[in-house]
Structure formats: C-alpha cells, structure tokens
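# A closer look at the structure
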Amino acid sequence: MNRVTLNREYGSFFGRENWDYFSTLTHKWTVGMDRNRRVMDGLVNSLKKQGLAFSMVWVSEWHRSGSSTHNHLLTKGVDITLIDRYWSSQNLGSKNNHKVYEKDKGANFYLAKYLDKEIDYDYVW
C-alpha cells in the first residue's frame with residue numbers, strides 16, 4: 001500500500017468517531033519528540049484519573065523550523081478546559097486552539113497525513 005493510500009485509510013479510520021473537538025496544543029518552550037511524549041502521556045493520565053470516559057487521537061508535528069513540536073488532537077468526552085488547565089498547570093503554554101469538530105472539514109485527514117513522517121502519536125479510547 002502506498003503512502004497516500006495508507007494516510008487516507010488512517011484518516012477514514014479516525015473519521016469513524018463523532019469527535020467533539022479538533023485542537024492544537026503549542027508548547028511555549030522548545031520541546032522535542034521524547035519530551036512531548038512524556039507531556040502527552042501526562043495529559044492522558046491526568047484525564048484518566050478524573051474518571052472520564054473519553055477518546056482521543058493525538059499526533060505531534062515538528063514546527064517548520066524543525067526545533068520544536070506541537071500537537072493536533074481529536075477528542076470526544078473531554079471538556080477542553082481540563083486540557084487547558086493541565087497545559088497551564090504544567091507551565092507548557094497558553095496558546096491552545098480548540099475548534100468544534102466538523103466532520104466535513106477534514107481534521108481527521110489532517111492528523112493522518114503526519115503518521116509517516118517520523119513523528120509520535122497515540123490513540124486513546
């Protein structure tokens with residue numbers, strides 16, 4: 001299967017869920033892929049500790065400069081204020097962007113396009 005077909009299949013898979021939000025989480029400091037994984041695991045664990053029944057897929061992306069990462073997420077069952085609260089409590093930044101998920105806008109395909117570009121990602125349900 002070629003790369004374009006594979007990414008399209010991932011996008012279709014992600015699109016099966018009725019997500020609530022499409023979000024971008026931006027670090028205020030330079031954060032590499034390994035540190036970003038620890039941050040995102042911490043976010044997921046924080047949400048799990050609150051007993052939420054939620055789904056999330058996140059994909060990290062390198063900034064154009066190649067010096068730091070940021071994350072794109074699709075979430076369901078998570079109040080975005082909890083995400084922002086975690087992000088600010090860990091002093092990670094405050095420039096998060098959350099949009100109500102609109103299936104026809106293609107955010108699920110946007111996330112999928114990064115899966116073959118030496119990045120990190122996770123799917124939590």
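The text that follows walks through the structure, step by step, so that each part is easy to find. Residue indices begin from 1 for each chain and proceed along its sequence in written order. With pLDDT at 70 or above as the cut-off, local features in this predicted model cover only qualifying residues; side-chain atom pairs require 80 or more to be listed or tallied, and sums for whole chains, interfaces and linings still use all residues. The basis for the side-chain values is all heavy atoms of the structure; hydrogens and waters are excluded.

## Re the pattern of salt bridges
- Here, a salt bridge means any Lys or Arg side-chain nitrogen found within 4 Å of an Asp or Glu carboxyl oxygen. Scanning the entire structure with this criterion turns up four salt bridges.
- Here Glu-17 and Lys-76 are joined by a salt bridge, their closest N and O atoms 3.0 Å apart. Separated by 59 residues along the polypeptide, Glu-17 in the loop between helix H1 (3-14) and strand E1 (21-26) and Lys-76 in strand E3 (residues 69-76) bring together distant segments of the chain.
- Residue Asp-120 is joined to Arg-37 by a salt bridge in which the shortest nitrogen-to-oxygen separation is 2.7 Å. Separated by 83 residues along the polypeptide, Asp-120 in the loop between helix H4 (107-112) and strand E5 (121-124) and Arg-37 in helix H2 (residues 33-49) bring together distant segments of the chain.
- Judged by its relative accessible area of 22%, Arg-37 falls in the partly exposed class. Secondary structure elements are defined from DSSP: runs of H or I of at least 4 residues count as helices, runs of E of at least 2 residues count as strands, and each element is numbered from the N terminus. When a residue's accessible area, from a 1.4 Å probe over protein chains only, is under 20% of the maximum for its type it is buried; when over 50% it is exposed; and in between it is partly exposed.

## Here we look at H1
- Taking 1.5 Å of rise per residue, twelve residues should cover 16 Å, and H1 covers 16 Å from first to last C-alpha, within 8% of that figure.
- Considered for burial, the residues of H1 that qualify are Asn-7, Gly-11 and Phe-14. The arc enclosing the buried residues of H1, seen along the axis, measures out at 60 degrees, which places them on a common side.
- Contacts are assigned to residue pairs with any non-hydrogen atoms lying within 4.5 Å of each other. Buried positions along H1 lie against strand E2 (55-62), E3 and H4. By definition here, a helix of n residues has an expected span of 1.5 Å times n minus one. In this context, the arc is that of the directions from the helix axis out to the C-beta atoms.

## Concerning a nonpolar patch on the surface
- Residues Met-1, Leu-6, Tyr-10 and Tyr-121 make up a contiguous nonpolar surface patch of roughly 410 Å² in combined accessible area.
- Inspection of the secondary structure puts Leu-6 in helix H1. Residues enter patches when they are more than 30% accessible in relative terms and free of salt bridges; like-charged ones are connected within 9 Å and nonpolar ones (Val, Leu, Ile, Met, Phe, Trp, Tyr) within 5 Å. Note on areas: Shrake-Rupley with a 1.4 Å probe; residue coverage comes only from the protein chains shown.

## Observations concerning the environment of Tyr-121
- Structurally, the position occupied by Tyr-121 is in strand E5.
- You can call Tyr-121 partly exposed: its relative accessible area is 34%.
- Sequence-distant contacts of Tyr-121, defined by excluding residues within four places in its chain, comprise Arg-37, Trp-58, Val-59 and Leu-115.

## A word on the side chain of His-70
- Assignment of secondary structure puts His-70 in strand E3.
- Classification of His-70 as buried rests on a relative accessible area of 9%.
- N or O atoms closer than or at 3.5 Å make up a polar contact, with two conditions inside protein: a donor-capable atom paired with an acceptor-capable one, and, for residues adjacent in sequence, both atoms drawn from side chains. Within the structure, His-70 has its side chain in polar contact with the side chain of His-63 (distance 3.1 Å).

## Comments concerning the nonpolar core
- Nine residue types can take part in a nonpolar core, namely buried Ala, Val, Leu, Ile, Met, Phe, Trp, Tyr and Cys, and a core is a set of them joined through side-chain atoms within 4.5 Å. Judged by nonpolar contacts, the single largest core of 17 residues is most densely connected at Leu-25, Met-40, Leu-43, Leu-47, Phe-54, Met-56 and Leu-73.
- Of all the elements in the fold, those that place two or more residues in this core are H2, E2 and helix H3 (80-89).
- The greatest single-element share of this core, amounting to five residues, is contributed by H2.
- Not counting chain neighbours up to four residues away, the residues in contact with Met-40 comprise Leu-25, Trp-58, Asn-71, Leu-73 and Trp-87.
- Trp-19, Val-59, Leu-74 and Leu-115 belong to the second largest nonpolar core, which has 14 residues in total.

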